[in-house]
Amino acid sequence: YTRVVQWDKRPIYVPNFKIMTMSVQNNSRMTHRRIVFDLRLRMKDIPKFPQIVKEIQDMVYEHEDVDPVQHRLVRWREIG
């Protein structure tokens, strides 16, 4: 068996014969990261959502540590 350590440090033991046919992704070699963040807001603030999204978009687009070449997406996904 080969031991593969996941991003959260949990080991997975994979039979060696499967390693030869599977695709392995090494996230530690990534030069960029994706951030998914759920922001919980009150229902009474629904009218403010467009402005909140706009302010977060502005911050992401103006921040010097965010690569301007990469895709940047800020959106309101759901209520609930």
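Use the structure listed above.
Report on the accompanying structure. (Residues numbered from 1 in each chain as written. Predicted model: local features only at pLDDT ≥ 70, side-chain atom pairs only at ≥ 80, totals over all residues. Heavy atoms only, no water.)

**Some details on the packing of aromatic side chains**
Definition in use: For Phe, Tyr and Trp, where Trp contributes only its six-membered ring, two rings pair if their centres lie within 6.5 Å, and the inter-plane angle classes them as stacked under 30 degrees, edge-to-face over 60, or tilted in between. The helix and strand labels rest on DSSP assignments: H or I over at least four residues marks a helix, E over at least two residues marks a strand, and numbering proceeds from the N terminus. Partly exposed describes any residue whose relative accessible area lies between the buried limit of under 20% and the exposed limit of over 50%, with all areas from a 1.4 Å probe on protein chains only and scaled to the type maximum.
Within the structure shown, the criterion is met by one aromatic pair. Here Phe-49 and Trp-76 contribute two aromatic rings whose centre-to-centre distance is 4.7 Å and whose plane-to-plane angle is 85 degrees, an arrangement assigned as edge-to-face. Here Trp-76 lies in the segment after α2 (49–62) and Phe-49 lies in helix α2, a separation of 27 residues in the sequence. With a relative accessible area of 7%, Phe-49 lands in the buried category. Exposure remark for Trp-76: the relative accessible area of 42% places this residue in the partly exposed category.

**Observations concerning unusual backbone geometry**
One non-glycine residue, Lys-9, lies in positive phi territory at about 75 degrees. Its place among the elements puts Lys-9 in the loop between β1 (2–5) and β2 (11–14). Under the relative-accessibility criterion, Lys-9 is labelled exposed at 66%.

**Things to note about the pairing of β1**
In plain terms, the rule: Strands were regarded as paired on the criterion that DSSP finds at least two bridges between them.
Taken together, the four bridges between β1 and β2 define a ladder with antiparallel strand orientation. For Thr-2, the partnering residue across the bridge sits in β2 and is Val-14. Hairpin connection, β1 to β2: the antiparallel pair is bridged by five residues, and Lys-9 has positive phi, about 75 degrees.

**Observations concerning the side chain of Arg-72**
To be explicit about the condition: For the purpose of counting charges, residues Lys and Arg are taken to be positive, whereas Asp and Glu are taken to be negative. His and the chain ends are not included. A pairing counts as a salt bridge when a side-chain nitrogen of Lys or Arg comes within 4 Å of a carboxyl oxygen of Asp or Glu. By the convention used here, residues are in contact when the closest approach between their heavy atoms is within 4.5 Å.
For Arg-72, the position within the fold is in the segment after α2. Buried and unpaired, Arg-72 has no salt bridge, with Asp-67 as the nearest side chain of opposite charge at 7.4 Å. Residues in contact with Arg-72, not counting those within four places in the same chain, are Val-60, Tyr-61, Val-66 and Asp-67.

**Examining the pattern of salt bridges**
Summed over all chains, the structure comprises five salt bridges. A salt bridge links Lys-48 to Asp-45; the nearest nitrogen and oxygen atoms lie 3.6 Å apart. Through salt bridges with shared partners, a single network forms among Arg-42, Asp-45 and Lys-48.

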